[in-house]
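# Structural overview for review
Spelled out, the chains give:
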Amino acid sequence: MSLWVDKHRPTNLSKLDFHKKQAAHLKKLVHGGDFPHLLVYGPSGAGKKTRILCLLRELYGAGTEKLRIEHQHFQTPSKRKIEIVTIASNYHIEVNPSDVGIYDRVVVQELLKTVAQTQQLETNSQREFKVVILNEVDKLTKDAQHALRRTMEKYMSTCRLILCCNSSSKVIPAIKSRCLGVRVPAPTVEQIVTVLQTVCKKESLSIPPELAERIAEKSNRNLRRAILMCESCRVQQYPFVPDQDIPEPDWEVFLKETAKLIVQEQSPRKLFEVRGRIYELLIHLIPCEVIFKGLLKELVNNCDGQLKGEVTQLAAYYEHRLQLGNKAIYHIEAFIAKFMSIYKKFLEESMADVF
Amino acid sequence: MEVQKQLKTWLKSSFDNDFVTSSSRKDCRKSEYQKDEALAKTKRKKGIQSQLLFGERGGNNCVGESWIELFAPQAKEDLAVNKKKVEQIETWLIDSLSRCKNFLTTIKCAPIALLTGPAGCGKTASIKVLAKVLDLDMKEWVNPVDNSSGLFDDGFSNNRLLVSATTQKEQFVDFILRANKYSSLFVKSTSGRLIVVEDFPNVFLREPEVFHNVLQLYSKTGRCPAVFIVSESGSGSSIEHHLFPKSLLAELDIMQVSFNPIAPTSLTKAVSRICGIAKVTLSKSENESLVAASNGDVRHLINLIQFFVKPGSTSRISKECKSNSFAGQKRKKNMVESSSSILGERDHSLFLFHALGKILYCKRDSGKEPEGQLPIHLKDKERMVLLSNAEAVFSRTAVTADTFTLFLHHNYLSFVNSAYITEKCCTSFSDANIICTEWSGKEVLDEYSASVVARSLMFHLEEDKLGGGQFWRPFYKPEWFSVLKLYRDGQAAVRNCFKEWAYTLDLQTQIIPYLGVVQPSADNAQLEIIKKYGRFSSGAVRPKTPGFHLSEKEIFEEFDTHSTVPVADPNPRVEDTVNMCESVVPQEDYIIEEYDD
Amino acid sequence: MEAFFKGVRPGTSGLKDKTGSQKDGSKPGRKQAPPPWVEKYRPKTVDEVAFQEEVVTVLKKTLQGADFPNLLFYGPPGTGKTSTILALGRQMFGEMYRSRILELNASDERGIQVIREKVKNFAQQTASNRTPEGKPCPAFKIIILDEADSMTKAAQDALRRTMERQSKSTRFCLICNYVSRIIGPLTSRCSKFRFKPLSKDILIQRLQDISEKESVKAEPGVLESLVDISEGDLRKAITFLQSAHRLKGDLGINLDDILEIGGVVPSKWLDKLFDICKSDSYEKLETFVTDMVAEGFSAGQLMGQLHDKIVFTEELNDKQKSVICNRLAVCDHRLMDGADEFLQIMDMMTVIMHQLCHASS
């Protein structure tokens, strides 16, 4: 049994649940004469991947669903061997080059080269090009992005790229200008509700509209999250009741508790405790920017208007530094310490006002 | 005698096993050395004389023998080492020898001892002397210099194959496992055998596990005591913690004797002993300054004496120089000063523990007024003069700025009481980290980053008088490295297990946590990952201990100091990611995974 | 979009040519993808270059004299720098221009090594003053260094010497956006030409020409907004037009499509954002920004558009504007460093909110 998220993933451009207009455009693009490189961007859980897979199916037919997992080996100029996992069909290959860190450039170059130089085996396919899907292009090093731009030009005749990323501002302009940008906005709450209802119908379950709405609200417009939530609700309690508990991921609860600790007491001792919890979050593979955003969201609730702005700016300041630096803990902790100090002062001042 | 010696060598090498060629040769030399004591003694005497008399003119009798060898202690009384230590080792040796004699009945595991201590504190000398006193056949492992030494030239075997077949590692294993079983044919007279290892093959530094296995094996099969000697050094990685972790020490019942730098009084005695043999006299002040300069290192001390005596041989060697005029004295004194400053004090590095203390307790000279008064509005920034210079402290620790900063970071919080000051200190860590991330300037800026942190802490902690250092606090090792390792391992594991999902943000933050709730029929590996990384309650991955104590003399071994941010970094620094890739799960894991599929 | 025409450009690396010919040879039946419009409508002669009269007149003179000094073209992107030099080459060498022009354009393939070897090798080939057919032509080759401002200093230094040594047989043409990033010794060896940003009328006229020829259906006002979005960059404008045409085909392009392709944040979102800032409610702002990020708009783009709006708004005084613009620059820089979009937008907006609600007077 696979997850609902996979099970009910639409496989056809015309069957997509939202952004139908865009889907129609993409269809037109496929049937038009030339197919450019694409840059698909949008927040996570907006359906970028689904859209890309539909597009592939539209291009090549059902053959794209026969997937195999392969391990590709490359060698860097410094003779280091690197391995990367790719998911491929006869027509396309999907890879996440940022998996190999600094060596992403090698992967980008070598992979595209191999793909472009191997001839299509099935001559009856109607496309003269293969498709390479690169995930998380925004996490590629600048070096790799420049290399990518070069390779894009070089192998235009034999392969097309579909680049997939969350934020297009981290992609260098040179790549952006060589691709057709496709923005995939997150579905709205109403759209999510509809999708949840269709999914439940397919599972022959009935979901009360209130619950669907609550889940949608709680999903932060992330459809994947919404469906996962819905499925875990199903596991926890069925038949559904409108006000049933919607499970949250453990780490979110943990993060909220951490924020509570910070608000409770502002002292070095507490900071040390919080540091331990941050380490815990990191070990559970929670990315730092998520920690930052989560903390900010919780902490701000305890401040007044002016302070809120100040805290937000602090978070932005230290999150940027975190990207520059190499020891996340320093920057997260500096943010927390700053907050503690500001908040303590704020409390003391308001106390003074009271008396 | 000469003929006999040659004969012996020849015979021995043909009887001995081929694999320990070079080491056995050395063994052979060693035992000869002991056996031909009388010869050596006369030779030594002659050598000293000739060296002293003709040495500077290029005397040809005894070239190349350094004073360290010449004046090696010959008896227990000669040892400058603390008597108790020597006794400790001696009783252990006697005890283990007796155990070994009837190993079939009583012995459980072969006796192993580990001697540690700074360089030149007489570890090896003690063992050598004791071996002689107890009449033991000492077998010493020496790293073969060249594998392809012409011993395989028998015309039949393919040189290359053989050489490549016996790596240093294998040779070592063979040595240690066989040397204790087969005694050399010619040294029957001794009352036992003793294996000494001072030189560790480099392989083991990279793969300590292999060494641990060897030790365990030896412990089971060994029939004579083995002594391992490890010199601590102030800088770099320490072999001790690598090769002999505490757990292993306990498991194999290894006796550890740690030597301290030799006390000045013993050193003074040693100086007079040597002077006695060498027939030189040194004035008291000379003696003292030499002892001080040697810093507890006998070897260094002897070197110093040799250097000190040689250049001014005309005046140094007292037999020739009887005129102890006032002028001469003065000159001597000058020489003492100059020579000890030229020869230099031993470069004594600071243990991390003390360095941390110097920064965090931050002693200030309360007697001295700070130079230059600050204007009124800056009065609160005024501090007393620092007793120790932050930069000097850092440079003497011999760790990288990264590590130093991490240690400070992990420990400073217990020194602060106020949230306001914490904030000020905390920002300096962030600043320091930013300073040294630009790889092109890393080498230069590293020092500055350490300086920024240390200075800022010293400055701000003063403000927090309450926490200023009245009471003692333990130091801990930073958790960051283990966190980072767990993070990377986790990432690799997750990537491996969830290949069909692209490794994106949602995988960690959404899919895995919810899979924990939904739990469809995932395979075992996936379930485990979900349990470990999706849940906070059940899968406590982080060790619960508050951190490991940093003991006073411990040397921190740095493993990838240039650690990366555990965010998926858009622009990872070059050297960062090199490490990142190095620490990715080894090849075998992937292979195992493939079977799972 | 350069990608699309790089493949058919002259004098490119051997590998590319090989793969190209291989493909052509092995699969003659395959229809070739239609050429990108940028390439199709690239000016064929110097005269066709739009709007750069000064440059054109000077260059025409050099054409008559059949010689010219080393050139340095600078100006904003999409103003016809590359087109001009290519057209010039074509007019000078006619059929031979493929073998006479070397174009190097990627920033990553231009270390000192490349400058030394590739350029040297190319420069050392002799060029006769006759075409194979016997027509006279200039006896030199042209090396075009596109995006010269992204070359390292060391490479630029190396280039200096190469330029001197090869001056007999080779002319260099450096193309860059910012002349200030070229080292002095290089600029002094070249005659400089500044390419003006294209005026709106010229852009619209060009786009109209192309739309007619390609029979693009577009609503009125589309071309105008296209020009606005592309900020005077003709190449960008043409590329957007083609992309829009690809997506919509016969349906006709409307305004929203253009905005979408350009990745522009619709002005209604901006207006709303401003209104919320005026309300001085952090919660509202947070919700709205979350929504905006969920829409997938690029934060960098938003910063640019905010800047335009801030500069021209009348609700803020100069001091407030300067405070805001200061932070805009900071946030934009942080975004470049890879900072989180949500946090940076929030940072920016809280500053604007503060300025709007608390710092007037």
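Residues numbered from 1 in each chain as written. Chains lettered and ligands numbered in written order. Predicted model: local features only at pLDDT ≥ 70, side-chain atom pairs only at ≥ 80, totals over all residues. Heavy atoms only, no water.

In plain terms, the rule: UniProt positions are given in the numbering used here, feature names are shortened, and annotations may be inferred rather than shown by experiment.
Per an unreviewed UniProt entry, chain B goes by Cell cycle checkpoint protein RAD17-like and derives from Limulus polyphemus. In its Sequence similarities (unreviewed entry) section, the UniProt entry covering chain B states "Belongs to the rad17/RAD24 family." In its Subcellular location (unreviewed entry) section, the UniProt record describing chain B reads: "Nucleus".

Under an unreviewed UniProt entry, the name given to chain A is Replication factor C subunit 3-like, and the source organism is Limulus polyphemus.

### Concerning the pattern of salt bridges
A side chain with one charge can pair with a side chain of the opposite charge if their charged atoms come near. Keep this limit in mind: What makes a salt bridge here is a side-chain nitrogen of Lys or Arg within 4 Å of a carboxyl oxygen of Asp or Glu, nothing more. Numbering goes from the N terminus for both helices and strands, where a helix is a DSSP run of H or I of at least four residues and a strand is a run of E of at least two. In this scheme, a residue with accessible area under 20% of its type's maximum is buried, one over 50% is exposed, and one in between is partly exposed, where area comes from a 1.4 Å probe on protein chains only.
Under the counting rule described, the total for this entry stands at 32 salt bridges over all chains. Note that B:Arg455 and B:Glu391 form a salt bridge whose closest N and O atoms lie 2.7 Å from each other. Within this pair, whereas B:Arg455 is found in helix α22 (residues 442-463), its partner B:Glu391 is found in helix α19 (residues 390-397), the two being separated by 64 residues in sequence. Taking the relative accessible area as the measure of exposure, B:Glu391 reaches 31% and is therefore partly exposed. Three or more residues are tied together by salt bridges with common partners; here these are A:Arg183, A:Arg221, C:Glu260, C:Asp291 and C:Glu295.

### Looking at the interface of chain C and chain A
Basically, it comes down to this: Contact criterion: two residues are considered in contact whenever any of their non-hydrogen atoms come within 4.5 Å of each other. What gets called buried area is simply the loss in accessible area from a 1.4 Å probe that two parts show on being joined, summed for both. Each residue gets one of three labels, nonpolar for Ala, Val, Leu, Ile, Met, Phe, Trp, Tyr, Cys and Pro, charged for Asp, Glu, Lys and Arg, and polar for the others, Gly among them.
Taken residue by residue, the interface counts 60 residues in chain C and 55 residues in chain A. Considering only the side of chain C, the residues that lose the most area to chain A are C:Arg246, C:Leu247 and C:Leu343, jointly responsible for 12% of the buried surface there. Across the pair A:Lys308 and C:Glu283 runs a salt bridge, and its minimum N-O distance is 2.3 Å. Considering each element in turn, the side of chain C that touches chain A owes the most residues, nine residues, to helix α18 (residues 341-357) of chain C. Residue composition of the side of chain C that touches chain A, by class: 21 nonpolar, 15 polar and 24 charged.

### Considerations on the environment of A:Gly101
Residues and elements named next belong to chain A. Tracing the sequence through the fold places Gly101 in the loop between β4 (92-95) and α4 (104-117). For Gly101, a relative accessible area of 6% corresponds to the buried category. As a C-alpha pair, Gly101 and Lys139 span 38 residues in sequence and 9.1 Å in three-dimensional space.

### Regarding unusual backbone geometry
All names here are of chain A. Even without glycine at this site, Glu136 takes up a positive phi of about 50 degrees. Position of Glu136 among the secondary structure elements: in the loop between β5 (130-135) and α5 (142-154). On the basis of relative accessibility, which here comes to 10%, the residue Glu136 falls in the buried class. With a phi close to 55 degrees, Asn220 is a non-glycine residue in the positive phi region.

### Observations concerning the sheet that holds strand β6 (residues 159-165) of chain A
Each strand in a sheet pairs with another by means of backbone hydrogen bonds, the pair being arranged parallel or else antiparallel. Residues and elements named next belong to chain A. Formally: Any two strands with at least two DSSP bridges between them are considered paired. In this analysis, axes come from line fits to C-alpha atoms, helices being fitted only over the stretch in contact, and the angle between any two N-to-C directions falls in the range 0 to 180 degrees.
Taken together, the seven strands give an open sheet; going across it, the order is β2-β3-β4-β5-β6-β1-β7, and neighbouring strands pair in mixed fashion. Strands with a single pairing partner mark the edges of an open sheet, and in this sheet they are β2 (68-75) and β7 (180-183). Strand-to-strand twist across the sheet, computed as the mean angle between neighbouring axes with direction ignored, equals 25 degrees. Note: strand β3 (residues 81-88) against β4, three bridges, orientation antiparallel. Bridge pairing links Ala88 to Ile93 in β4. Of the strands in this sheet, β1 (38-41), β4, β5 and β6 touch helix α3 (residues 48-60), which is tilted by about 175 degrees from β5.

### Digging into helix α18 (residues 352-360) of chain B
All names here are of chain B. Counting buried positions along α18 gives seven out of nine residues, so the element sits mostly inside the fold. All of the buried residues in α18 are Leu352, Phe353, Ala355, Leu356, Gly357, Ile359 and Leu360. Directly after α18, the chain includes Cys362, whose backbone phi takes a positive value near 45 degrees.

### Description of the sheet that holds strand β1 (residues 71-74) of chain C
Residues and elements named next belong to chain C. Taken together, five strands build an open sheet; the order of strands is β2-β3-β4-β1-β5 and the sheet is parallel. Because the sheet does not close on itself, it has two edges, and the strands there are β2 (101-104) and β5 (191-194). Here the average twist between neighbouring strands, direction ignored, is 15 degrees. Sheet strands in contact with helix α5 (residues 81-93) are β1, β2, β3 (141-145) and β4 (170-176), and its direction is about 145 degrees off that of β1.

### Brief notes about the packing of aromatic side chains
So the rule is basically this: Each aromatic pair joins two rings of Phe, Tyr and Trp (for Trp, the six-membered one) with centres within 6.5 Å, and gets the label stacked for planes under 30 degrees apart, edge-to-face for over 60, and tilted for any other angle. Ring-over charges, as used throughout, are those where CZ of Arg or NZ of Lys falls within 6 Å of the ring centre and within 35 degrees of the ring normal.
Here the structure, examined in full by the defined rule, presents 18 aromatic pairs over all chains. Taking 4.9 Å as the distance between ring centres and 85 degrees as the angle between the ring planes, the aromatic pair formed by A:Tyr317 and A:Tyr318 counts as edge-to-face. Relative to B:Phe415, the ring of B:Tyr361 has its centre 5.0 Å away and its plane inclined at 85 degrees; by these criteria the two rings are edge-to-face. Here B:Tyr361 is found in the loop between α18 and β6 (364-365), whereas its partner B:Phe415 is found in the loop between α20 (401-411) and α21 (419-435), with 54 residues between them in sequence. Counting every residue linked through ring pairs, the aromatic cluster contains A:Tyr330, B:Tyr412 and B:Phe429. A cation sits over an aromatic face here: A:Arg277 above A:Phe254, 4.0 Å from the ring centre. The side chain of C:Lys309 reaches across the aromatic face of C:Phe274, ending 5.3 Å from its centre.

### Examining the confidence of the model for chain B
Where the model shows low pLDDT, its predicted coordinates should not be examined in detail. Residue and element names in this part refer to chain B. Short version of the rule: The predictor attaches a confidence to each residue, called pLDDT, with possible values from 0 through 100.
Confidence in the prediction of chain B, expressed as mean pLDDT, is 66, and 57% of residues score 70 or more. The least confident element of chain B is helix α27 (residues 587-596), whose mean pLDDT is 29; the most confident is α21, at 88. Within the model, pLDDT remains below 50 along residues 1-40, and this stretch shows 40 contacts once partners closer than five positions in the same chain are excluded. Two numbers describe this predicted complex: its pTM, 0.69, and its ipTM, 0.88.

### Considering the nonpolar core
Quick note on the threshold: To define a nonpolar core, start from buried Ala, Val, Leu, Ile, Met, Phe, Trp, Tyr and Cys residues and group those joined through side-chain atoms within 4.5 Å.
Counting 114 residues, the largest nonpolar core has A:Leu295, A:Phe335, A:Ile336, B:Tyr412, B:Leu457 and C:Met349 as the members making the most contacts within it. Of the residues forming this core, the biggest block, 12 residues, is contributed by helix α14 (residues 328-354) of chain A. Counting residues in each nonpolar core, the second largest holds 52 residues, with A:Tyr91, C:Ile210, C:Ile238 and C:Ala244 among its members.

### A word on the packing of α14(A) against α21(B)
A pair of packed helices can be characterised by two numbers: the angle between their axes and the separation between those axes. Applied cut-off: The cut-offs work like this: below 35 degrees is roughly parallel, past 145 is roughly antiparallel, 65 to 115 is roughly perpendicular, and the gaps in between are oblique. Left-handed describes a crossing whose near helix is turned anticlockwise from the far helix through less than a right angle; right-handed describes the clockwise counterpart.
The interhelical angle for the contact between α14(A) and α21(B), taken along N-to-C directions, is 155 degrees, at an axis separation of 8 Å. Considering their axes alone, α14(A) and α21(B) lie roughly antiparallel with respect to each other. The element α14(A) and its partner α21(B) pack so that their crossing is left-handed. Taking contact as the criterion, the partners of A:Tyr330, A:His331, A:Glu333, A:Ala334, A:Ala337, A:Lys338, A:Ser341, A:Lys344, A:Lys345 and A:Glu348 in α14(A) are, on α21(B), B:Ala419, B:Tyr420, B:Thr422, B:Glu423, B:Cys426, B:Thr427, B:Phe429, B:Ser430, B:Asn433 and B:Ile434. Tallied by class, residues from the contact of α14(A) with α21(B) come to eight nonpolar, six polar and six charged.

### Notes on a negative patch on the surface
Residues and elements named next belong to chain A. We apply this condition: Exposure above 30% relative accessible area and the lack of any salt bridge qualify a residue for a patch; like charges then connect within 9 Å, and the nonpolar side chains Val, Leu, Ile, Met, Phe, Trp and Tyr within 5 Å. Residue burial considers only the protein chains on display, and all accessible areas are found by Shrake-Rupley using a 1.4 Å probe. Lys and Arg are tallied as positive, Asp and Glu as negative. Neither His nor the chain termini are counted. We put the charge of a Lys on NZ, of an Arg on CZ, of an Asp on CG and of a Glu on CD.
Taken together, Glu190, Glu210, Glu213 and Glu217 make up a surface patch of like negative charges. Here the element with the most residues in the negative patch is helix α8 (residues 209-218); it accounts for three residues. Secondary-structure assignment places Glu190 in helix α7 (residues 189-202). Judged by relative accessible area, Glu190 falls into the exposed class, the value being 57%.

### A few points about the pairing of β6(A)
All names here are of chain A. Among the seven residues in β6, seven count as buried, and that is most of the element. Alternating residues of β6 divide into Cys159, Leu161, Leu163 and Cys165 and Arg160, Ile162 and Cys164, and every residue in both groups is buried. Bridge count for β1 against β6 is four bridges, and the pairing is parallel. Bridge pairing in β6 places Leu39 opposite Leu163. In the sheet, β5 pairs with β6 via six bridges, with the strands oriented parallel.

### Remarks on the side chain of A:Lys49
Stated precisely, the cut-off is as follows: Any pair of nitrogen or oxygen atoms within 3.5 Å is treated as a polar contact; in protein, a donor-acceptor pairing is required on top of that, and neighbouring residues in sequence qualify only through side-chain atoms on both sides.
Tracing the backbone shows A:Lys49 in helix α3. A polar side-chain atom of A:Lys49 sits 2.5 Å from a polar atom in the side chain of A:Glu94.

### Comments concerning the side chain of A:Arg221
Structurally, the position occupied by A:Arg221 is in the loop between α8 and α9 (223-236). A distance of 3.1 Å separates a polar atom in the side chain of A:Arg221 from a polar atom in the side chain of C:Asp291. Not counting residues within four places of it along the chain, the set of residues in contact with A:Arg221 comprises A:Gly45, A:Ala186, A:Pro187, A:Thr188, A:Ile192, A:Ala216, C:Asp291, C:Ala294 and C:Glu295.

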